[in-house]
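Inside the fold
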Amino acid sequence: MAKLSNDELLDVFKEMTLLELSEFVKQFEETFDVTAAAPVAAVAAPAAGGAAAEAEEQDEFDVVLEDAGDKKIQVIKVVREVVSGLGLKEAKELVEGAPKALLEKVDKDKANEAKAKLEESGAKITLK
């Protein structure tokens, strides 16, 4: 049997239906004891692991006010405490405009401290 070039093989595959190609792949896998999906899974696994590693190494957080809750006045006072340089009007607008980022790109300790103070006053907070 004459050996076909890659281009000739591709031409043959182009003429086949999807069903015929699927059957060919199954037969190819059985004949050579391989799986066509294995390389894809091997490539995807490190990518998922890399994303998890990045999430663990996060060192900057955003403190986001999701909801002021029932004690809006208390939350406004704490927002003025946590976010430096805010007047009463600005703090009120931030609280009423929830969800809003109060602090951006702060370290973990400062983010957790702000979150604790705000949650104590009745606000719902998320760290991103």
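Residues numbered from 1 in each chain as written. Predicted model: local features only at pLDDT ≥ 70, side-chain atom pairs only at ≥ 80, totals over all residues. Heavy atoms only, no water.

Within an unreviewed UniProt entry, the label attached to the chain reads Large ribosomal subunit protein bL12, and the organism entered is Saccharopolyspora gregorii. Taken verbatim from the UniProt record of the chain, the Sequence similarities (unreviewed entry) comment is "Belongs to the bacterial ribosomal protein bL12 family." (UniProt positions renumbered as here; feature names shortened; annotations may be inferred.)

To continue, consider the environment of Leu21. Mapped onto the fold, Leu21 is located in helix 2 (residues 18-32). Those residues within four positions of Leu21 in sequence are excluded, and the remaining contacts are Phe13 and Met16. (Helix = DSSP H or I, 4+ residues; strand = E, 2+ residues; numbered from the N terminus. Contact = heavy atoms within 4.5 Å.)

Moving on to the pattern of salt bridges. Tallied over the full model, the rule gives three salt bridges. The salt bridge partner of Glu81 is Lys117, with a shortest N-O separation of 3.6 Å. Taken as a pair, Glu81 in helix 4 (residues 72-82) and Lys117 in helix 6 (residues 108-120) lie far apart in primary sequence, 36 residues in all. Here Lys92 and Glu96 are joined by a salt bridge, their closest N and O atoms 3.8 Å apart. Residue Lys92 and its partner Glu96 are both found in helix 5 (residues 88-96); the two are separated by four residues, about one turn of the helix. For Glu96, a relative accessible area of 44% puts it in the partly exposed group. (Salt bridge = Lys/Arg side-chain N within 4 Å of Asp/Glu carboxyl O. Buried < 20%, exposed > 50% of the residue type's maximum accessible area, 1.4 Å probe, protein only.)

The pLDDT averaged across the chain works out to 79; a share of 82% of its residues lies at or above 70. When pLDDT is averaged over each helix and strand of the chain, the minimum, 51, is found for helix 3 (residues 38-56) and the maximum, 89, for helix 1 (residues 6-15). (pLDDT = per-residue confidence, 0-100.)

What follows is about the side chain of Ser121. In this fold, Ser121 is placed in the loop between helix 6 and strand 3 (124-127). Apart from residues no more than four positions distant in its own chain, Ser121 is found in contact with Lys71, Gln74, Val75 and Val78.

What follows covers the pairing of strand 1 (residues 61-67). Both strand 1 and strand 2 (residues 100-106) contribute to a ladder of four bridges, which runs antiparallel. Residue pairing for strand 2: Leu65 is matched across the bridge by Lys100. Across four bridges, the pairing between strand 1 and strand 3 is antiparallel. The residue of strand 3 that forms the bridge with Asp67 is Lys124. (Pairing = 2+ DSSP bridges.)

Turning next to the packing of aromatic side chains. Under the defined criterion, the tally for this structure stands at three aromatic pairs. With a centroid separation of 5.2 Å and an interplanar angle of 50 degrees, the aromatic rings of Phe13 and Phe24 are classed as tilted. Of this pair, Phe13 sits in helix 1 while Phe24 is found in helix 2, placing the two residues eleven residues apart along the sequence. Its relative accessible area of 33% is what places Phe24 among the partly exposed residues. (Phe/Tyr/Trp six-rings, centres within 6.5 Å; stacked < 30°, edge-to-face > 60°.)

Between helix 4 and helix 5, whose axes approach to 9 Å, the crossing angle comes to 120 degrees. Here helix 4 is positioned oblique relative to helix 5, judged by the angle of their axes. Seen from above, helix 4 lies across helix 5 with right-handed handedness. Taking contact as the criterion, the partners of Lys72, Val75, Ile76, Val79 and Arg80 in helix 4 are, on helix 5, Leu88, Ala91, Lys92, Leu94, Val95 and Glu96. Residues that form the contact of helix 4 with helix 5 fall into these classes: seven nonpolar, no polar and four charged. (Axes fitted to C-alpha atoms, helices over the stretch in contact; angles between N-to-C directions. Parallel < 35°, antiparallel > 145°, perpendicular 65-115°, else oblique. Left-handed = near helix turned anticlockwise from the far one by under 90°. Nonpolar A, V, L, I, M, F, W, Y, C, P; charged D, E, K, R; others polar.)

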